[in-house]
Amino acid sequence: MSHEHLSPALRRIAASPTTAMTDRATALREAGRDVISLSVGEPDFATPPHVIAAAKAALDAGATKYTPVTGTLHLKQAAALHFRRDLGIACQPEQVIVTAGGKQAIFEALAATVGEGDEVIVPSPWWVSYPQMVRFAGGQVVPLVTHAHHGFRFEAGDLDALITPRTQWLLLNSPGNPTGAVYPAEMLRGIAEVLRRHPQVMVLSDDIYAPLIYTGQPHATLAALFPDLADRVCTVSGVSKSHAMTGFRIGVATGPAWLIEAMGRLQSNASGNPAAVSQAAAVAAFEGPQDFLAEWRERFRQRRDLVVSAVNAIPGLSTPVPDGAFYCFVDATPLMGRFGGDDGKLALHLLEHGVAVVAASAFGGKDGFRISFAADEAVLEEALRRIAGALA
Ligand code: GLU
């Protein structure tokens, strides 16, 4: 491929490390290798039958054509119900945009607003694509470094110290990928106070893991708790993680009308509407029964406990207990000498031993890796046995 044709924007980014590792694991499996993939955040549960039935019925009814670019009215109504019922955010269907996964919503919000030199505060360890999206848009990533001993959470004062007149966004992800950090309402209150002093700062609240909190506390989110800030918050959600619908590619976002309009303007020129059949399936997900979520959450909590204790029993590895989402962010500092201090080599070593994980450095961390525990117990046990063997 001819590099001189690449745009300056594209030159600033690399391929997503989570999807790259997962594609690699898939290719190895297709070549006959026995590889367990714990590299991607994707529930292993089957998509609920009522969702599948709705998708089939939609196809039979002709949902094979364009829809309005930013989503059908029915799905926007269902998403508004979801924002109100599940996240406590008052919103009207007109304030909703439907996207191809939460990823597209975040990309559009940043691409529609961030200009050369604008600063975006991103707590680290971060989800791999946040900094890439900021760089693609021409913005400066300002890392807000968090630490395991503080639950991978930042304090309001840490945020305040990084805000400048060029700060345009704060990215918030609770429960967080890759650490599972959860911000309770008290911590968000302090963050809200800082934001009130800096009216130029918008917040992108990525709430995609909201149903997966293991502490028993309710999900807390800025736009619900502090209505005076709601016109500066874009909240992103979806059905991928909650309803095991990753392949349907449906995300939803709500925020100020001007931002939702701008995101739609971009979407109308870039991708058009998300798949019509997927939108019909997402309506069923939001409007249908939600009782299985508690059961899935309990399964994930058991898997978390299994992985945390197995990881902490392997000499040289340690992980805190994540409060939410389905990832463990594993520290391997004592072992890094064997890999020349390069956790990418550590991840490749584990892949050689039949387990795909993603290096901590891909998330702005270091000396470790992320495990997704969205796999069944027997698979997780076998993966952990292989990891222990590989590092013995
Ligand atoms: N968000 C998931 C992950 O971190 C899906 C893959 C991706 O888009 O990064 O594994």
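Residues numbered from 1 in each chain as written. Predicted model: local features only at pLDDT ≥ 70, side-chain atom pairs only at ≥ 80, totals over all residues. Heavy atoms only, no water.

1. So, helix H5 (residues 101-111)
Residue pairs spaced three or four apart in an α-helix point in one direction, given the helix's 3.6 residues per turn.
Inference 1: Burial analysis of H5 places 8 of its 11 residues in the buried class, the great majority of the element.
Inference 2: By the burial criterion, the buried members of H5 are Gly101, Gly102, Gln104, Ala105, Ile106, Glu108, Ala109 and Leu110. (Buried < 20%, exposed > 50% of the residue type's maximum accessible area, 1.4 Å probe, protein only. Helix = DSSP H or I, 4+ residues; strand = E, 2+ residues; numbered from the N terminus.)

2. Details of the site of the ligand
Inference 1: The environment of the ligand is formed by Thr18, Val40, Gly41, Lys103, Trp127, Asn177, Tyr209, Lys241, Tyr327 and Arg370.
Inference 2: Taking Gly41, its main chain carries an N or O atom lying 2.7 Å from an oxygen atom of the ligand.
Inference 3: Here an oxygen atom of the ligand and a side-chain polar atom of Trp127 are 3.0 Å apart.
Inference 4: Protein contacts shield 88% of the accessible area of the ligand, which totals 280 Å² for the unbound molecule.
Inference 5: Here the residues of the shell around the ligand are counted per class, giving 4 nonpolar, 3 polar and 3 charged. (Near = heavy atom within 4 Å. Polar contact = N/O pair within 3.5 Å; in protein donor to acceptor, adjacent residues only side chain to side chain. Areas by Shrake-Rupley, 256 points an atom, 1.4 Å probe, with all protein chains shown as cover. Nonpolar A, V, L, I, M, F, W, Y, C, P; charged D, E, K, R; others polar.)

3. Let's talk about the packing of aromatic side chains
Inference 1: Across all of its chains, the model carries 12 aromatic pairs by this definition.
Inference 2: Their ring planes at 85° and their centres at 5.3 Å tell us that Trp127 and Tyr130 sit as a pair that is edge-to-face.
Inference 3: Given the relative accessible area of 4%, Tyr130 is considered buried.
Inference 4: Judged by centre distance (5.5 Å) and plane angle (90°), the ring pair of Tyr209 and Phe326 falls under edge-to-face. Remark: Phe326 occurs in the loop between helix H12 (292-312) and strand S9 (327-331) and Tyr209 occurs in the loop between strand S6 (202-206) and helix H9 (222-225); sequence separation between them is 117 residues.
Inference 5: For Phe326, a relative accessible area of 0% gives the class buried.
Inference 6: Three or more aromatic residues joined by ring pairs make a cluster, and in this case those are Phe45, Tyr209, Phe292, Trp296, Phe300, Phe326 and Tyr327. (Phe/Tyr/Trp six-rings, centres within 6.5 Å; stacked < 30°, edge-to-face > 60°.)

4. A short note on the nonpolar core
Inference 1: In this structure, Trp169, Leu317 and Ile387 are the most contacted members of the largest nonpolar core, which totals 82 residues.
Inference 2: Setting aside residues up to four positions removed in sequence, Leu317 forms contacts with Val311, Asn312, Val330, Asp331, Ala332, Leu335, Phe369, Ile387 and Leu391.
Inference 3: Membership of the second largest hydrophobic core comes to 47 residues, among which are Cys91, Val96, Ile121 and Leu159. (Core = buried A, V, L, I, M, F, W, Y, C linked by side-chain atoms within 4.5 Å. Contact = heavy atoms within 4.5 Å.)

5. Here we look at the sheet that holds S9
Inference 1: Reading across the sheet, the 3 strands line up as S9-S12-S11 and stay open at both edges, with antiparallel pairing between neighbours. Each edge of the open sheet is held by one strand with a lone partner, namely S9 and strand S11 (358-359).
Inference 2: Here S9 pairs with strand S12 (residues 368-372) via 5 bridges, running antiparallel. Across the sheet, Cys328 pairs through a bridge with Ile371, a residue of S12.
Inference 3: Contacts from helix H13 (residues 343-352) reach S11 and S12, with the element oriented near 45° to S12. (Pairing = 2+ DSSP bridges. Axes fitted to C-alpha atoms, helices over the stretch in contact; angles between N-to-C directions.)

6. Quick word on the side chain of Thr113
Inference 1: Position of Thr113 among the secondary structure elements: in the loop between H5 and strand S3 (119-124).
Inference 2: Judged by relative accessible area, Thr113 falls into the buried class, the value being 15%.
Inference 3: A distance of 2.7 Å separates a polar side-chain atom of Thr113 from the backbone oxygen of Ala109.
Inference 4: Those residues in contact with Thr113 that sit more than four places away from it in its chain are Asp118, Gln168, Trp169, Trp258 and Leu259.

7. Observations regarding the packing of H13 against helix H14 (residues 377-391)
Inference 1: Remark: H13 packs on H14, axes separated minimally by 9 Å, with the N-to-C direction vectors making an angle of 115°. Seen from above, H13 lies across H14 with right-handed handedness. Residues Leu346, His349 and Leu350 of H13 lie in contact with H14, whose contacting residues are Ile387, Ala390 and Leu391.
Inference 2: The residue makeup of the contact of H13 with H14, split by class, is 5 nonpolar, 1 polar and no charged. (Left-handed = near helix turned anticlockwise from the far one by under 90°.)

8. A short note on the pairing of strand S7 (residues 233-238)
On a regular strand, one side chain projects to one face of the sheet and the next to the other, so that they alternate.
Inference 1: The element S7 is largely enclosed, with a buried count of 6 among its 6 residues.
Inference 2: Neither face of S7 is open: one carries Val233, Thr235 and Ser237, the other Cys234, Val236 and Gly238, and all of them are buried.
Inference 3: Inspection of the sheet shows S6 paired to S7 by 4 bridges, in the parallel sense. In the sheet register, Val203 faces S7, and the bridge partner there is Val233.
Inference 4: Here S7 pairs with strand S8 (residues 251-254) via 4 bridges, running antiparallel. Bridge pairing in S8 places Ser237 opposite Val252.

9. Considerations on the sheet that holds strand S5 (residues 167-173)
Inference 1: Read across the open sheet, the 7 strands follow the order S2-S8-S7-S6-S5-S3-S4; overall the sheet is mixed. Edge positions in the sheet fall to strand S2 (96-99) and strand S4 (140-145), since each has one partner strand and no second. Taking each pair of neighbouring strands and ignoring which way they run, the sheet shows an average axis angle of 20°.
Inference 2: One ladder, built from 4 bridges, connects S2 with S8; its direction is antiparallel. Bridge pairing in S8 links Thr99 to Gly251.
Inference 3: Packing against the sheet, helix H4 (residues 73-87) makes contact with S2, S7 and S8, and its axis sits at approximately 110° to S2.

10. Points about the environment of Leu110
Inference 1: Structurally, Leu110 can be placed in helix H5.
Inference 2: On the basis of relative accessible area, Leu110 is assigned to the buried category, the value being 0%.
Inference 3: Each C-alpha atom of the pair Leu110 and Pro274 lies 19 Å from the other, and the pair is 164 residues apart in sequence.
Inference 4: In this structure, Leu110 is in contact with Met133, Val134, Ala137, Trp169 and Leu171, ignoring residues within four places of it in sequence.

Function-wise, these values are silent; they only describe arrangement.
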